[in-house]
Amino acid sequence: WLERLTGGFKKTADRLGENISGLVTEQALDTATLDDIEEALIASDLGPEASKRIRESIAARRYEQLDERGLRTILAEEIEKILAPVAKPLDVWGFPRPHVILVIGVNGSGKTTTIGKLGHLLQEQDYGVLLAAGDTFRAAAIEQLKIWGERINAPVISGKEGGDAAGIVYDGVKQATATGIDALIVDTAGRLQNKAHLMDELAKVRRVLGRLNPEAPHDVILVLDATTGQNALNQIEVFARDAGVTGLVMTKLDGTARGGVLVAAAERFGLPIHAIGVGEGVDDLRPFDPRAVARAIAG
Ligand code: GDP
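Residues numbered from 1 in each chain as written. Predicted model: local features only at pLDDT ≥ 70, side-chain atom pairs only at ≥ 80, totals over all residues. Heavy atoms only, no water.

Participant: What am I meant to see in the pattern of salt bridges here?
Facilitator: Oppositely charged side chains may form a pair once their charged atoms are brought near each other. The final tally for this structure, using the stated rule, is 19 salt bridges. Between R291 and E80 there is a salt bridge whose closest N-O contact spans 3.2 Å. Here R291 is found in helix α12 (residues 290–298), whereas its partner E80 is found in helix α5 (residues 68–83), with 211 residues between them in sequence. On the accessibility criterion, R291 (44% relative accessible area) is partly exposed. Its salt-bridge partner being E143, residue K146 comes within 3.7 Å of it at the nearest N-O pair. Within this pair, K146 and its partner E143 are both found in helix α7 (residues 139–152), separated by 3 residues, close to a single helical turn. Linked by salt bridges that have partners in common, R61, E77, E78 and K81 make up one network. (Salt bridge = Lys/Arg side-chain N within 4 Å of Asp/Glu carboxyl O. Helix = DSSP H or I, 4+ residues; strand = E, 2+ residues; numbered from the N terminus. Buried < 20%, exposed > 50% of the residue type's maximum accessible area, 1.4 Å probe, protein only.)

See the structure below:
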C-alpha cells in the first residue's frame, strides 16, 4: 500500500519538485533562498501558515548549504511534524451502540464513495455497519449508496426522494440497535447553494440523534475533494463553523498535484484527519499515516 500511496502523491511531489528545483544547488542558504523556498511551498498548495512555519524551521537549522535531496529530506520531516498531531484513526469502539458517523460535504466531494470505503474499512475490523441514505434530495445519491451497500454487503436504510433525512436517521438508529449493528454511517445532502437550509437540516438530524443518545453523532466527518485546492480550505471554515465538524477525510489525492492542501488544512485548522482517499475502489480509503504521506509529498 505504501507504493500505492506514494504513487498517488506523485503529481503533488512532481509539482513540489518543479517548484523547489534549482533553489538550493549552488548558493548558500541565505534569506533570499529561504524566501524562494517559502514561495515554492505556497505554490505547492501548502498554504501560507505551514509554508512560513517550515521556512522558520529550516532557518533555525542553520545550514550553510543544502542540496535538493537534503532539502526534500528536511521538508519531509517538517511536513510530518505538521501532520502528526492531526493524524487520528476513526475510533468506533464504545457503548452504547450504535456509534453514529455523520458524513457531510458538498456534492461531488466523494461523500458516498467515502461512506462505502469507510464501511468496508470498519467491516475489516469486524464492526457491523449500517448505511443510511440521508441525502434525500438526489435520487441518484440514494441509488449510489445502495450500490455501495451491495458492493460491501452492508444493509442500507433509505426513504423516498424528497423525504425527511432526520426520519431516516431515526429509523437507522432503531434498526441498528435492534440488529446489533456497531456503526451507523449517515450520508447527508451537500447543496451548498442553499446553505441555510442545508445547515438547518443537519441541525435537525443532530437533534433527533441527540434525543436517542446524547453522545450522538459521535463523529461528524467532512469529506473534501483535494483537487479543489484552496477551495477545500474554505469549505472546512464554513462547515467547521456551522456544522460542528469533528474530523476530515480528504479524497481524490490520487492524480492531483494539489495534495499539499492536506498540510495547509492540518496547520490552519488542526482538525483530526482520519483517512485519505486514493482511488475509487473499495480498498482505496487509507488510514492517515503522517510519515508516509509527508514522505510522499516531499518526493
Ligand atoms: P458525493 O456527491 O459527495 O457523494 O460524491 P461521490 O461519492 O459520488 O464521488 C464523486 C466522484 O468522485 C465519483 O466519480 C467517485 O468515484 C469519485 N471519487 C470519490 N473518491 C475518490 C478518490 O479518492 N479518488 C478518485 N480518483 N475518485 C474518487
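Participant: Explanation requested: the packing of α5 against α12 in the structure shown.
Facilitator: Each pair of packed helices can be summarised by the angle the axes make with each other and by the distance between the axes. At a closest axis distance of 8 Å, the pairing of α5 and α12 adopts a crossing angle of 140 degrees. As the angle between them shows, α5 and α12 are arranged oblique. Of the two elements, α5 crosses α12, and the hand of that crossing is right-handed. From α5, R72, L75, A76, I79, E80 and L83 reach across to α12, where they touch P290, R291, V293, A294, R295, I297 and A298. Split by residue class, the contact of α5 with α12 holds 9 nonpolar, no polar and 4 charged. (Axes fitted to C-alpha atoms, helices over the stretch in contact; angles between N-to-C directions. Parallel < 35°, antiparallel > 145°, perpendicular 65-115°, else oblique. Left-handed = near helix turned anticlockwise from the far one by under 90°. Contact = heavy atoms within 4.5 Å. Nonpolar A, V, L, I, M, F, W, Y, C, P; charged D, E, K, R; others polar.)

Note that every value here comes from positions in space, so none of it alone points to a role or purpose.
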